[in-house]
Amino acid sequence: QVQLVESGGGLVQAGGSLRLSCAASGRTFTNYAMGWFRQAPGKERDFVAAISWSGGITYYADSVKGRFTISRDNAKNTVYLQMNSLKPEDTAVYYCAADYSVVVSTSLPDYDYWGQGTQVTVSS
């Protein structure tokens, strides 16, 4: 069993920044891809960013390119999402997820484990 715990969410004004963290514990592995997804009320859970096992490959949703950065520290079993230039439309619950079956993925069904989510609210 693997547990993922997100932290770092909160309330921020438009144009501000937040850094989300996702810490993995339990039966953790070095070779896992990680992703961030977000879900607003009444909306689908959408892809935000993904990073490969080594950190050498990253993908971003078009809506966050140039504003968000995903990174990982494998020694700490932690993945980060740095969010800059935040917009009200970024408001959502943000989830981290781990994928042990592929190197990297932008597809929600590929992910094996999910965190509980952390709320990000961006005010105008």
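Above this text sits the structure in question.
Residues numbered from 1 in each chain as written. Predicted model: local features only at pLDDT ≥ 70, side-chain atom pairs only at ≥ 80, totals over all residues. Heavy atoms only, no water.

By secondary structure assignment, the location of Asp112 is in the loop between strand E9 (92-99) and strand E10 (113-114). Residues Asp112 and Lys43, spaced 69 residues apart in sequence, show a C-alpha to C-alpha distance of 21 Å. Leave out the neighbours within four places in its chain, and Asp112 touches Ala98, Asp99, Tyr100 and Ser101. Within the structure, Asp112 has its side chain in polar contact with the backbone nitrogen of Tyr100 (distance 2.8 Å). (Helix = DSSP H or I, 4+ residues; strand = E, 2+ residues; numbered from the N terminus. Contact = heavy atoms within 4.5 Å. Polar contact = N/O pair within 3.5 Å; in protein donor to acceptor, adjacent residues only side chain to side chain.)

Right, let's talk about the pattern of salt bridges for a bit. Scanning the model with the defined rule gives 3 salt bridges in all. For Asp62, the salt bridge identified is with Lys65, shortest N-O distance 3.0 Å. The two residues Asp62 and Lys65 agree in class, both being exposed. Close ionic contact of Arg67 with Asp90 constitutes a salt bridge, the shortest N to O distance being 2.7 Å. Taken together, the positions of Arg67 in the loop between strand E6 (58-60) and strand E7 (68-73) and Asp90 in the loop between strand E8 (78-83) and E9 put the pair 23 residues apart, joining distant regions of the chain. Residue class for Asp90 comes out buried when judged on its relative accessible area of 1%. Taken together, the shared-partner salt bridges connect Arg38, Arg67 and Asp90 into one network. (Salt bridge = Lys/Arg side-chain N within 4 Å of Asp/Glu carboxyl O. Buried < 20%, exposed > 50% of the residue type's maximum accessible area, 1.4 Å probe, protein only.)

Using the criterion set out here, one finds 1 disulfide in the structure. The disulfide partner of Cys22 is Cys96, and the S-S distance across this bridge is 1.9 Å. Taking the sign of the torsion about the S-S bond as the criterion, the disulfide between Cys22 and Cys96, at about 55 degrees, is right-handed. Of this pair, Cys22 sits in strand E3 (residues 18-26) while Cys96 is found in strand E9, placing the two residues 74 residues apart along the sequence. (Disulfide = S-S within 2.5 Å.)

Next up on the list: the pairing of strand E5 (residues 45-51). The buried fraction of E5 is high, at 5 of 7 residues. Across 6 bridges, the pairing between strand E4 (residues 33-39) and E5 is antiparallel. Counted as the bridge partner of Gln39 is Arg45 from E5. Where E4 folds back on E5, the antiparallel hairpin that results is connected by 5 residues, among which Gly42 adopts a positive phi of roughly 75 degrees. Sheet analysis places E5 next to E6, joined by 3 bridges and oriented antiparallel. Bridge assignment links Ile51 to a residue of E6, and that residue is Thr58. (Pairing = 2+ DSSP bridges.)

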